[in-house]
Amino acid sequence: MLRILQFLYSLRSFLLFVLLEVLAIGLIVSNNSPQGAAFYNSSNAVTGSVLKTRSDVVDFFSLAEANEALLSENAGLLEELKTMNAIPDSATIKLDSAFEAQFNFKGARIISNSLRFAQNHITLNKGSYDGVKPGMGVFNEQGVIGRVKSVSENYSVAISLLNTEMNLSSKIKTNDSFGTAKWDGKDSNKTKLLYVPRHVTANPGDTVVTTGYSAVFPEGILVGIIESVNQSEDPNYLDVVIHLSVDFSKAHYVYLVENTQLAELDTLYKQSEIENEF
């Protein structure tokens, strides 16, 4: 034991240097958005593989809960499918191409998820090889989760809804009044609905969903439930707090949604010199 202590004592300078280096890196990542984003952008193959292995072990012990949620969702989808079946004696017409399906969907699994930073990111186990592209929306059976930011061959990183740099076009379902859902970096269970005019009737308990204006998410995906409504510091708008429908600490499986017309819309926005902030 004495020899071990003597050995460690002889390395005291080196150990102190390593400790200070780790502390410095931690402070840089925690307090600087660009460095933090770069550090947590774990879409490279090496980091992605390590995170996937860790996630495999953790997910093994949560399979029952995840499977139960998937079974419940599938049951609901089957019920919806029944109502969509055509009546045997009904007539059908060929729809114009403008009404064809605008969105494609893919499944993925979360292998890394941060909650404690101002700019949180989520790593997924699917990448360009699986057809994942930057700009795709991410959601699950509970609601909106984020938007894909960067992609490698086998992995992708999404900006979480718990990220102060993400804006989400949202509306109050009862009256179609729209605003922008934006996290304030505080409570991971809540976000704000900004730019709701003060004359709008908004009440606790009202449902907030996506508008479909952003070209990222289809209309009607759940964002959360209004928790409180007050007058904001800006006299023109309300201070609306939403309790998020997604429990980010328990999210495991997600859907990726691709707007097949996104490239065309982006081109149109550029031609019109319009900035699409969503």
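Residues numbered from 1 in each chain as written. Predicted model: local features only at pLDDT ≥ 70, side-chain atom pairs only at ≥ 80, totals over all residues. Heavy atoms only, no water.

Student: For this particular structure, what's the right way to read the pairing of strand S1 (residues 103-113)?
Tutor: Note on strand geometry: in a regular strand, side chains alternate between the two faces of the sheet. Bridge analysis of S1 against strand S12 (residues 253-259) gives seven bridges, and the strand direction is antiparallel. Following the sheet pairing, alanine 108 is matched in S12 by valine 254. Both S1 and strand S2 (residues 119-124) contribute to a ladder of three bridges, which runs antiparallel. Of the residues in S2, the one forming a bridge with serine 112 is threonine 123. Taking the residues that link successive antiparallel strands as the turn, the S1-S2 hairpin has five residues. (Pairing = 2+ DSSP bridges. Helix = DSSP H or I, 4+ residues; strand = E, 2+ residues; numbered from the N terminus.)

Student: Help me understand a nonpolar patch on the surface in this model?
Tutor: A cluster of nonpolar side chains, namely Phe7, Leu11, Phe14, Leu15, Phe17, Val18 and Val22, defines an oily patch on the protein surface of about 650 Å² accessible area. At five residues, the largest contribution of residues to the nonpolar patch is made by helix H2 (residues 12-31). With respect to the helices, strands and loops of the structure, valine 18 is situated in helix H2. (Patch = residues over 30% accessible without salt bridge, like charges linked within 9 Å, V, L, I, M, F, W, Y side chains within 5 Å. Areas by Shrake-Rupley, 256 points an atom, 1.4 Å probe, with all protein chains shown as cover. Salt bridge = Lys/Arg side-chain N within 4 Å of Asp/Glu carboxyl O.)

Student: Looking at this model, I keep getting lost on the sheet that holds strand S4 (residues 143-151). Mind explaining?
Tutor: Read once around its circumference, the closed barrel built from six strands follows the order S1-S2-S5-S4-S3-S12, with strand pairing classed as antiparallel. Within this sheet the neighbouring strands show an average axis-to-axis angle of 45 degrees, counted without direction. (Axes fitted to C-alpha atoms, helices over the stretch in contact; angles between N-to-C directions.)

Student: Please explain the packing of aromatic side chains as it appears in this structure.
Tutor: The description of two aromatic rings rests on the distance between their centres and on the angle between their planes. Inspection of every chain in the model, using the stated rule, returns four aromatic pairs. Ring centres of phenylalanine 105 and phenylalanine 139 lie 6.2 Å apart, and the angle between their planes is 80 degrees; on these two criteria the pair is classed as edge-to-face. Pair noted here: phenylalanine 105 is in strand S1 and phenylalanine 139 is in strand S3 (residues 137-140), with a separation of 34 residues, a long-range link. Judged by its relative accessible area of 12%, phenylalanine 139 falls in the buried class. Note on phenylalanine 139 and tyrosine 255: the rings are 5.6 Å apart at their centroids and 40 degrees apart in plane angle, and the pair reads as tilted. With phenylalanine 139 in strand S3 and tyrosine 255 in strand S12, the pair connects residues that are 116 residues apart, well separated along the chain. We classify tyrosine 255 as partly exposed; its relative accessible area is 24%. (Phe/Tyr/Trp six-rings, centres within 6.5 Å; stacked < 30°, edge-to-face > 60°. Buried < 20%, exposed > 50% of the residue type's maximum accessible area, 1.4 Å probe, protein only.)

Student: I'm lost on the sheet that holds strand S9 (residues 207-210) in this one. Help?
Tutor: What links the strands of a sheet is backbone hydrogen bonding, and the strands pair in either a parallel or an antiparallel sense. The strand order around the closed barrel built from six strands is S6-S7-S8-S11-S10-S9, with neighbouring strands paired in antiparallel fashion. Neighbouring strand axes in the sheet, compared pairwise and without regard to direction, differ in orientation by 40 degrees on average. In this sheet, S9 lies alongside strand S6 (residues 168-172) in antiparallel orientation, the contact comprising three bridges. Considered in S9, the bridge of isoleucine 172 is made with valine 208.

Student: I keep staring at the pattern of salt bridges and nothing clicks. Help me out?
Tutor: In this structure the tally under the stated criterion is five salt bridges. Taken together, the shared-partner salt bridges connect Lys171, Asp176 and Glu219 into one network.

Nothing here speaks to function; it is geometry throughout.
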